[in-house]
Amino acid sequence: MDFNFSCVLECLTQALNSTLVMQLTRLLPFGFAITCASLAAPAPEPTALAVLPRIHSNEYTNYTTLTGFFLQDDPATSTTGFDYAAVNFGLINRTYPTDNEVPADWTQWQKFDHYVWRLNRGSGRFVQYKVLYMGRHGEGYHNVAETYYGTPAWNCYWSLKDGNGTVSWADARITPNGIAQAVKAHDFWASHIISQKIPVPETYYTSPLTRCLQTANITFSGLDLPSRQPFIPTVKELFREGISGHTCDRRGTKTYIQGAFPAYKIEAGFSEDDLLWKPLQGEVPVNEDIRSKIGLDEVFDSDDSTYISITSHSGEIASLLRVLGHRSFSLSTGQVIPVLVKAETIQSKPIVTASQAWTTISTCSTAPPLPTAT
């Protein structure tokens, strides 16, 4: 028996508000459209749904950041004192070409979400759009130690040790202040899920370093998330911090991570021991960008989600932003920024970037004096 979805929605409109009807349209097959007169502006006929690209040897993914949507992609926005919680994640209050398709009382996030949905509906086979929520871990004990000893002494002496006998910073944990920063992020999400109807992440990724594992857990555990999209993050090796040779950047074993965070999913191929960290050697930015690109390719090639959370580090997020063509935007501990990304599959042989030799860390034989107060 044929089913007339338009008639069904016509009846639903009599009983339900237009917001719910608009959500229902997203569940319909592409051939159907709402014709209910109660909606001020019916949605235009959609084009073909974007098909998630699957990368082959004769093609590659090119990433660009779509600007004009967030304060952080505006060169006029300073990173100094930037606080995502004070500016709604930086989402700019603006109109979108699709605003006539939605109720006027929708929040800015709902209108943005609908616009992104339209982008993907009409993007074609080789283009996809995703929103990446990239958050830096809360303050770690290594951050405190570097501040206390000063960066020169930290880099040449203290960072090469596991701790100072009082505090340990090897695979650093987050401090009480770092916990508070993660709680702040949790509370921000909790309030904006209700008040702003902000689109929550559909999937989650985290660096394998403990400070990120902890931050993600505090931030997202206990939120009112859809049952079909629970907080079960994937531990992803390539989203770790720039590998500096400092002990804070040496991750724990796979067994440790599984024991400490049993609900987390560890990606396939994750080694028991840290095979990337090298004592007294530092990864150069071009090499970090290469692995960041590989990590993004793996996510975009396998994950159909539109909204994705990545909990990582200042250096690694900076690298991801470079790969995505985003302006440089440094994050203090606990800060989060969303980025609207366009990923286009290019039918051509991949562009190969040559890796470079790692640097050798300069060391000090004795502990330098503490910095003097000024």
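Located above this text is the structure these notes cover.
Residues numbered from 1 in each chain as written. Predicted model: local features only at pLDDT ≥ 70, side-chain atom pairs only at ≥ 80, totals over all residues. Heavy atoms only, no water.

A.B. asks: For this particular structure, what's the right way to read the nonpolar core?
C.D. replies: Generally speaking, soluble globular proteins have nonpolar side chains that are buried together. Counting 60 residues, the largest nonpolar core has F89, F112, L132, M134 and L296 as its most contacted members. Dropping the residues within four chain positions of it, M134 is found in contact with I310, I317, L320, L321, L324, L331, Q335, V336, I337 and V339. Listed in part, the 10 residues of the second largest apolar core include Y149, A153, W158 and C248. (Core = buried A, V, L, I, M, F, W, Y, C linked by side-chain atoms within 4.5 Å. Buried < 20%, exposed > 50% of the residue type's maximum accessible area, 1.4 Å probe, protein only. Contact = heavy atoms within 4.5 Å.)

A.B. asks: Where do I start with unusual backbone geometry in this structure?
C.D. replies: For residues besides glycine, phi is generally negative; the peptide bonds are generally trans as well. Within the chain, N88 stands out as a residue other than glycine whose phi angle is a positive 55°. Looking at the secondary structure, you find N88 in the loop between β1 (60-65) and α3 (108-121). In this model, D171 sits at a positive phi of 45°, which is unusual for a non-glycine residue. The topology assignment puts D171 in the loop between α5 (151-156) and α6 (176-195). (Helix = DSSP H or I, 4+ residues; strand = E, 2+ residues; numbered from the N terminus.)

A.B. asks: Can you walk me through the pattern of salt bridges in this structure?
C.D. replies: Oppositely charged side chains are able to pair whenever their charged atoms sit close together. Within this structure, the stated rule accounts for 14 salt bridges. Residue E101 pairs with R118 through a salt bridge whose shortest N-O separation is 2.9 Å. Of this pair, E101 sits in the loop between β1 and α3 while R118 sits in helix α3; the two residues are 17 residues apart in sequence, bridging distant segments of the chain. Looking at R118, the relative accessible area reads 14%, which means it is buried. Among the ionic pairs, K293 bridges to D297, the shortest N-O distance being 2.9 Å. Residue K293 and its partner D297 are both found in helix α9 (residues 285-302); the two are separated by four residues, about one turn of the helix. (Salt bridge = Lys/Arg side-chain N within 4 Å of Asp/Glu carboxyl O.)

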